[in-house]
Amino acid sequence: AVCGKASILGLAEEIRGRQVCLELYQQCLKPLIDSGLIRLVLKPENTEWNVQTLVMELLSTSKSCAEVQHHARMQGIEMGGTAQAWAGTEAYPEYSHADFPIAVRAEKRTLSLPMYKGLKPQQVQEVCSVLSAPLIESSTTTETLKSMCP
């Protein structure tokens, strides 16, 4: 495929914007990362263009991703799951979630975080705050985390 200079510059801006988002998430979620409750993972979204999606994996918490998603939704923030969303759809009726047990297990422990070049630092902080609340509540190190998180 032939790419014009404008689209290459746009892609470079998008990649840089996502890098800034990643750095902000790492900074805001550092107490949860350091405590072993979560980890952040970059997943390829489009390998041809080297664009990635940021995924938060729950490690040692009693909360499920569905509970964290529900909490975020109640605060007005939509979080994406990482499921094989196309399984069992009209386009792929021959597949069901049972055909992808590893993906189904991963879906219960991972959330896709908002990450794009127009995301403002205060929006990242809001997402981090909303995501942190239910995880801090369920942690055995609650008092330590509450003192560390903004």
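Above this text is the structure in question.
Everything numeric in this text was worked out from a predicted model, so none of it was measured.

Here is what the cut-offs are and how they apply
- Here the residue numbers are simple positions, counted from 1 along each chain's written sequence.
- Under the rules for a predicted model, residues below a pLDDT of 70 receive no local features and side-chain atom pairs below 80 are neither given nor counted, while totals for whole chains, interfaces and linings still include all residues.
- Based on all heavy atoms of the structure, the side-chain values leave hydrogens and waters out of the count.
- Helix and strand definitions here come from DSSP, where helices need a minimum of 4 consecutive H or I residues and strands a minimum of 2 consecutive E residues; each element is numbered from the N-terminal end.
- Contacts are residue-level and defined by heavy atoms, with any inter-residue pair within 4.5 Å sufficient.
- Burial here depends on accessible area, computed with a 1.4 Å probe over protein chains only, as a share of the maximum for the residue type. Under 20% is buried, over 50% is exposed, and the range in between is partly exposed.
- Each C-beta atom gives one direction from the helix axis, and the arc is the one those directions make.
- By convention in these notes, a salt bridge is any Lys or Arg side-chain nitrogen within 4 Å of a carboxyl oxygen on Asp or Glu.

**Student:** Residue-level account of the environment of Ile33, with values.
**Tutor:** Take Ile33: it is sitting in helix α2 (residues 30–34). Along the sequence, Ile33 and Glu57 sit 24 residues apart, while their C-alpha atoms lie 9.9 Å from each other. Sequence-distant contacts of Ile33, that is, excluding residues within four places in its chain, are made with Gln26, Ile38 and Leu40.

**Student:** Which residues make up helix α3 (residues 65–74), and what values do they have?
**Tutor:** Residues Cys65, Val68, Gln69 and Ala72 constitute the buried set of α3. Buried residues of α3, seen end-on, are gathered within an arc of 100 degrees and therefore sit on one face of the element. Those residues of α3 that are exposed and angled more than 90 degrees off the buried face are Ala66 and Met74. One or two residues past the end of α3 sits Gly76, with phi positive at roughly 85 degrees.

**Student:** Just give me the short version of the pattern of salt bridges, but keep the residues and values in it.
**Tutor:** Summed over all chains, the structure comprises 3 salt bridges. Among the ionic pairs, Arg39 bridges to Glu57, the shortest N-O distance being 2.6 Å. With Arg39 in strand β1 (residues 38–46) and Glu57 in strand β2 (residues 51–58), the pair connects residues that are 18 residues apart, well separated along the chain.

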